[in-house]
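Residue strings, one per chain:
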Amino acid sequence: VNVRFSVRDTGIGISPEKQAHIFGAFSQADASTTRDYGGTGLGLAISGQIVQMMGGELTVQSELGKGSVFDFMIVFKRSQDQEDVRKDNPLREVFLKPLRILVAEDNVVNQRLAERLLKKNNHDVTIAQNGQTAIDKHESEVFDLILMDVQMPIVDGFEATRIIRAMQDKSLQQVPIIAMTANAMMGDRERCIDAGMNGYVSKPIQVNDLFAEINRVLGDMNP
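1. Thoughts on the nonpolar core
Okay, so step 1: I146, M148, C192 and M197 are the most contacted members of the largest nonpolar core, which totals 21 residues.
Okay, so step 2: Among the secondary structure elements, those contributing two or more residues to this core are β4 (100–104), α6 (131–140), β6 (145–149), α7 (157–167) and β7 (177–181).
Okay, so step 3: The element that contributes the greatest number of residues to this core is α7, accounting for 3 residues.
Okay, so step 4: Residues within four places of M197 in sequence aside, it is in contact with M148, G157, F158, T161, I177, A179 and C192.

Now the structure itself:
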(Lines give C-alpha, C1' and ligand atoms only; values in the text may rest on other atoms or scores of the structure.)
Protein backbone atom coordinates (compact mmCIF):
# COMPACT_ATOMS: atom_id res chain seq x y z
CA VAL A 1 0.00 0.00 0.00
CA ASN A 2 1.54 3.30 -1.10
CA VAL A 3 0.75 6.16 1.28
CA ARG A 4 1.81 9.74 0.59
CA PHE A 5 2.15 12.22 3.45
CA SER A 6 2.17 15.97 2.76
CA VAL A 7 2.56 18.95 5.08
CA ARG A 8 1.77 22.41 3.66
CA ASP A 9 2.48 25.75 5.30
CA THR A 10 1.89 29.36 4.33
CA GLY A 11 5.16 30.65 5.76
CA ILE A 12 8.05 32.64 4.34
CA GLY A 13 9.04 30.01 1.78
CA ILE A 14 12.50 28.81 0.74
CA SER A 15 14.50 30.05 -2.23
CA PRO A 16 15.48 27.45 -4.89
CA GLU A 17 19.21 27.76 -4.12
CA LYS A 18 18.58 27.03 -0.43
CA GLN A 19 16.27 24.05 -0.89
CA ALA A 20 19.13 21.63 -1.59
CA HIS A 21 20.68 22.37 1.82
CA ILE A 22 17.79 22.52 4.27
CA PHE A 23 17.87 18.79 5.06
CA GLY A 24 21.41 19.05 6.44
CA ALA A 25 22.08 19.39 10.16
CA PHE A 26 22.11 23.00 11.42
CA SER A 27 21.27 24.38 7.94
CA GLN A 28 18.71 27.17 8.33
CA ALA A 29 17.80 28.90 5.08
CA ASP A 30 19.23 32.13 6.48
CA ALA A 31 20.99 33.09 9.71
CA SER A 32 18.19 35.53 10.48
CA THR A 33 15.67 32.67 10.36
CA THR A 34 16.94 31.28 13.66
CA ARG A 35 16.83 34.73 15.25
CA ASP A 36 13.31 35.55 14.05
CA TYR A 37 11.60 32.16 14.19
CA GLY A 38 13.67 29.98 16.54
CA GLY A 39 14.74 26.38 16.01
CA THR A 40 18.12 24.69 15.70
CA GLY A 41 17.95 23.41 12.13
CA LEU A 42 17.84 19.75 13.25
CA GLY A 43 14.16 19.00 12.64
CA LEU A 44 14.34 18.41 8.88
CA ALA A 45 17.60 16.47 9.14
CA ILE A 46 16.07 14.10 11.70
CA SER A 47 12.80 13.82 9.76
CA GLY A 48 14.70 13.08 6.56
CA GLN A 49 16.65 10.26 8.22
CA ILE A 50 13.52 8.72 9.73
CA VAL A 51 11.80 8.75 6.34
CA GLN A 52 14.91 7.25 4.73
CA MET A 53 14.97 4.45 7.33
CA MET A 54 11.37 3.66 6.35
CA GLY A 55 12.31 3.41 2.68
CA GLY A 56 11.14 6.82 1.50
CA GLU A 57 12.57 10.23 0.65
CA LEU A 58 11.55 13.59 2.09
CA THR A 59 11.22 16.31 -0.57
CA VAL A 60 10.19 19.96 -0.65
CA GLN A 61 8.43 22.31 -3.07
CA SER A 62 8.52 25.95 -2.07
CA GLU A 63 8.09 29.50 -3.29
CA LEU A 64 9.36 32.58 -1.51
CA GLY A 65 6.60 34.47 0.23
CA LYS A 66 3.99 31.78 -0.40
CA GLY A 67 5.03 28.79 1.72
CA SER A 68 6.25 25.24 1.31
CA VAL A 69 5.02 21.68 0.83
CA PHE A 70 7.03 18.80 2.35
CA ASP A 71 6.06 15.29 1.35
CA PHE A 72 7.18 11.68 1.20
CA MET A 73 5.74 8.30 0.19
CA ILE A 74 6.07 5.08 2.22
CA VAL A 75 5.15 1.56 1.10
CA PHE A 76 3.32 -0.40 3.81
CA LYS A 77 2.44 -4.10 3.87
CA ARG A 78 -1.26 -4.87 4.08
CA SER A 79 -2.24 -7.16 6.95
CA GLN A 80 -5.63 -8.67 7.78
CA ASP A 81 -4.50 -10.44 10.95
CA GLN A 82 -3.31 -8.43 13.94
CA GLU A 83 -1.84 -11.59 15.47
CA ASP A 84 0.41 -11.99 12.41
CA VAL A 85 1.66 -8.43 12.91
CA ARG A 86 2.66 -9.25 16.49
CA LYS A 87 4.43 -12.45 15.40
CA ASP A 88 6.44 -10.58 12.77
CA ASN A 89 7.41 -7.75 15.14
CA PRO A 90 11.09 -8.06 16.19
CA LEU A 91 10.36 -5.94 19.30
CA ARG A 92 7.86 -8.34 20.82
CA GLU A 93 10.21 -10.02 23.34
CA VAL A 94 12.93 -7.83 24.78
CA PHE A 95 11.21 -4.50 24.33
CA LEU A 96 8.35 -5.42 26.64
CA LYS A 97 10.84 -4.54 29.39
CA PRO A 98 12.12 -0.95 29.57
CA LEU A 99 15.92 -0.73 29.40
CA ARG A 100 18.49 1.80 30.55
CA ILE A 101 20.48 2.47 27.38
CA LEU A 102 23.68 4.49 26.98
CA VAL A 103 24.08 5.87 23.44
CA ALA A 104 27.68 6.86 22.68
CA GLU A 105 27.44 9.03 19.55
CA ASP A 106 29.09 12.34 18.60
CA ASN A 107 26.73 13.31 15.76
CA VAL A 108 23.89 15.47 17.10
CA VAL A 109 21.34 14.31 14.50
CA ASN A 110 22.09 10.65 15.24
CA GLN A 111 21.84 11.37 18.97
CA ARG A 112 18.37 12.89 18.62
CA LEU A 113 17.22 10.16 16.25
CA ALA A 114 18.35 7.32 18.53
CA GLU A 115 16.88 9.05 21.56
CA ARG A 116 13.46 9.48 19.94
CA LEU A 117 13.28 5.93 18.61
CA LEU A 118 14.32 4.34 21.90
CA LYS A 119 12.19 6.56 24.13
CA LYS A 120 9.21 5.78 21.90
CA ASN A 121 9.65 2.17 23.07
CA ASN A 122 9.69 3.26 26.75
CA HIS A 123 13.45 3.07 27.27
CA ASP A 124 15.53 5.41 29.41
CA VAL A 125 18.26 6.97 27.24
CA THR A 126 21.52 8.64 28.26
CA ILE A 127 23.72 10.33 25.63
CA ALA A 128 27.53 10.34 25.63
CA GLN A 129 29.15 12.70 23.10
CA ASN A 130 32.41 10.75 22.86
CA GLY A 131 34.13 7.58 24.05
CA GLN A 132 35.62 9.14 27.17
CA THR A 133 32.22 10.40 28.29
CA ALA A 134 30.82 6.90 27.70
CA ILE A 135 33.54 5.44 29.93
CA ASP A 136 32.82 7.99 32.66
CA LYS A 137 29.06 7.42 32.55
CA HIS A 138 29.51 3.64 32.64
CA GLU A 139 31.71 4.03 35.70
CA SER A 140 29.16 6.17 37.56
CA GLU A 141 25.86 4.64 36.39
CA VAL A 142 24.37 1.22 35.64
CA PHE A 143 23.11 0.47 32.12
CA ASP A 144 21.37 -2.53 30.56
CA LEU A 145 22.87 -1.83 27.14
CA ILE A 146 25.40 0.40 25.38
CA LEU A 147 25.07 1.48 21.74
CA MET A 148 28.62 2.44 20.77
CA ASP A 149 29.51 4.51 17.72
CA VAL A 150 32.88 3.39 16.38
CA GLN A 151 34.26 6.73 15.14
CA MET A 152 34.20 9.35 17.91
CA PRO A 153 36.57 12.12 19.05
CA ILE A 154 38.86 11.90 22.11
CA VAL A 155 38.37 8.12 22.54
CA ASP A 156 36.91 6.02 19.73
CA GLY A 157 34.39 3.22 20.19
CA PHE A 158 36.94 0.41 20.00
CA GLU A 159 39.16 1.84 22.71
CA ALA A 160 36.20 2.85 24.87
CA THR A 161 34.90 -0.73 24.72
CA ARG A 162 38.31 -2.17 25.68
CA ILE A 163 38.54 0.19 28.66
CA ILE A 164 34.99 -0.60 29.79
CA ARG A 165 35.68 -4.33 29.56
CA ALA A 166 38.91 -3.93 31.55
CA MET A 167 36.98 -2.08 34.27
CA GLN A 168 34.38 -4.83 34.68
CA ASP A 169 34.54 -7.69 37.13
CA LYS A 170 34.93 -10.83 35.05
CA SER A 171 32.84 -12.77 37.58
CA LEU A 172 29.82 -10.55 36.91
CA GLN A 173 27.69 -10.33 33.78
CA GLN A 174 29.09 -7.70 31.43
CA VAL A 175 26.93 -4.97 30.00
CA PRO A 176 26.17 -5.79 26.34
CA ILE A 177 27.70 -3.39 23.81
CA ILE A 178 26.48 -3.05 20.22
CA ALA A 179 28.64 -1.23 17.69
CA MET A 180 27.12 1.34 15.35
CA THR A 181 29.36 2.06 12.39
CA ALA A 182 29.32 3.36 8.85
CA ASN A 183 32.36 1.18 8.10
CA ALA A 184 30.31 -1.78 6.87
CA MET A 185 33.28 -3.53 5.26
CA MET A 186 34.65 -7.05 5.44
CA GLY A 187 36.40 -7.60 8.76
CA ASP A 188 34.67 -4.74 10.61
CA ARG A 189 32.33 -7.06 12.48
CA GLU A 190 35.26 -9.19 13.60
CA ARG A 191 37.14 -6.09 14.75
CA CYS A 192 34.13 -5.04 16.85
CA ILE A 193 33.87 -8.48 18.44
CA ASP A 194 37.63 -8.57 19.11
CA ALA A 195 37.32 -5.24 20.95
CA GLY A 196 34.75 -6.79 23.29
CA MET A 197 31.49 -5.80 21.62
CA ASN A 198 28.58 -8.22 21.47
CA GLY A 199 26.86 -7.08 18.30
CA TYR A 200 27.09 -4.87 15.25
CA VAL A 201 24.76 -2.71 13.14
CA SER A 202 25.77 -0.64 10.14
CA LYS A 203 24.82 2.98 9.43
CA PRO A 204 22.52 4.44 8.34
CA ILE A 205 20.72 2.57 11.10
CA GLN A 206 17.62 0.64 10.04
CA VAL A 207 15.08 0.49 12.86
CA ASN A 208 14.18 -3.18 12.55
CA ASP A 209 17.84 -4.19 12.13
CA LEU A 210 18.79 -2.33 15.31
CA PHE A 211 15.96 -3.78 17.39
CA ALA A 212 16.55 -7.28 16.02
CA GLU A 213 20.24 -7.07 16.98
CA ILE A 214 19.36 -5.82 20.47
CA ASN A 215 16.96 -8.76 20.86
CA ARG A 216 19.61 -11.21 19.64
CA VAL A 217 22.36 -9.86 21.91
CA LEU A 218 20.21 -9.72 25.03
CA GLY A 219 18.82 -13.16 24.24
CA ASP A 220 22.35 -14.60 23.94
CA MET A 221 23.37 -13.06 27.26
CA ASN A 222 20.15 -14.13 29.01
CA PRO A 223 19.36 -17.56 27.55
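2. Comments concerning the packing of aromatic side chains
Okay, so step 1: Scanning the model with the defined rule gives 2 aromatic pairs in all.
Okay, so step 2: Residues F5 and F72 carry aromatic rings whose centres are separated by 5.0 Å and whose planes lie at 20° to one another, so their mutual orientation is stacked. Placement of F5 in strand β1 (residues 2–9) and of F72 in strand β3 (residues 67–75) is noted, with a sequence separation of 67 residues between them.
Okay, so step 3: Classification of F5 as partly exposed rests on a relative accessible area of 36%.
Okay, so step 4: Here F23 and F70 contribute two aromatic rings whose centre-to-centre distance is 6.4 Å and whose plane-to-plane angle is 90°, an arrangement assigned as edge-to-face. Taken together, the positions of F23 in the loop between α1 (16–19) and α2 (31–37) and F70 in strand β3 put the pair 47 residues apart, joining distant regions of the chain.
Okay, so step 5: Over the aromatic face of F143 sits the side chain of R100, whose NZ or CZ is 5.2 Å from the ring centroid.

3. Quick word on α6
Okay, so step 1: All of the buried residues along α6 are G131, T133, A134, I135 and H138.
Okay, so step 2: The backbone nitrogen of Q132 has a side-chain oxygen 3.0 Å away, supplied by the residue at the start of α6, namely N130.

4. Overview of the pairing of β7
Okay, so step 1: The buried fraction of β7 amounts to 5 of the 5 residues, a majority that puts the element mostly inside the structure.
Okay, so step 2: Across the two faces of β7 the burial is the same, with I177, A179 and T181 and I178 and M180 all buried.
Okay, so step 3: As judged from the 4 bridges shared by β6 and β7, these two strands associate in the parallel manner. Opposite D149, over in β7, you have M180 as the bridge partner.
Okay, so step 4: As judged from the 4 bridges shared by β7 and strand β8 (residues 199–202), these two strands associate in the parallel manner. Within β8, the position partnered with M180 by the bridge is V201.

5. Re the sheet that holds β3
Okay, so step 1: Pairing in this open sheet of 3 strands is antiparallel, and the strands run β1-β3-β2 from one edge to the other. A single partner strand is all that each edge strand has here, and the edge strands are β1 and β2 (59–63). When strand polarity is set aside, the average angle formed by the axes of neighbouring strands in this sheet is 15°.
Okay, so step 2: The sheet contact formed by β1 and β3 spans 8 bridges and is antiparallel. Residue pairing across strands places N2 opposite V75, the latter belonging to β3.

Cut-offs used in this document
Residues numbered from 1 in each chain as written. Predicted model: local features only at pLDDT ≥ 70, side-chain atom pairs only at ≥ 80, totals over all residues. Heavy atoms only, no water. Core = buried A, V, L, I, M, F, W, Y, C linked by side-chain atoms within 4.5 Å. Buried < 20%, exposed > 50% of the residue type's maximum accessible area, 1.4 Å probe, protein only. Helix = DSSP H or I, 4+ residues; strand = E, 2+ residues; numbered from the N terminus. Contact = heavy atoms within 4.5 Å. Phe/Tyr/Trp six-rings, centres within 6.5 Å; stacked < 30°, edge-to-face > 60°. Lys NZ or Arg CZ within 6 Å of the ring centre and 35° of its normal. Polar contact = N/O pair within 3.5 Å; in protein donor to acceptor, adjacent residues only side chain to side chain. Pairing = 2+ DSSP bridges. Axes fitted to C-alpha atoms, helices over the stretch in contact; angles between N-to-C directions.

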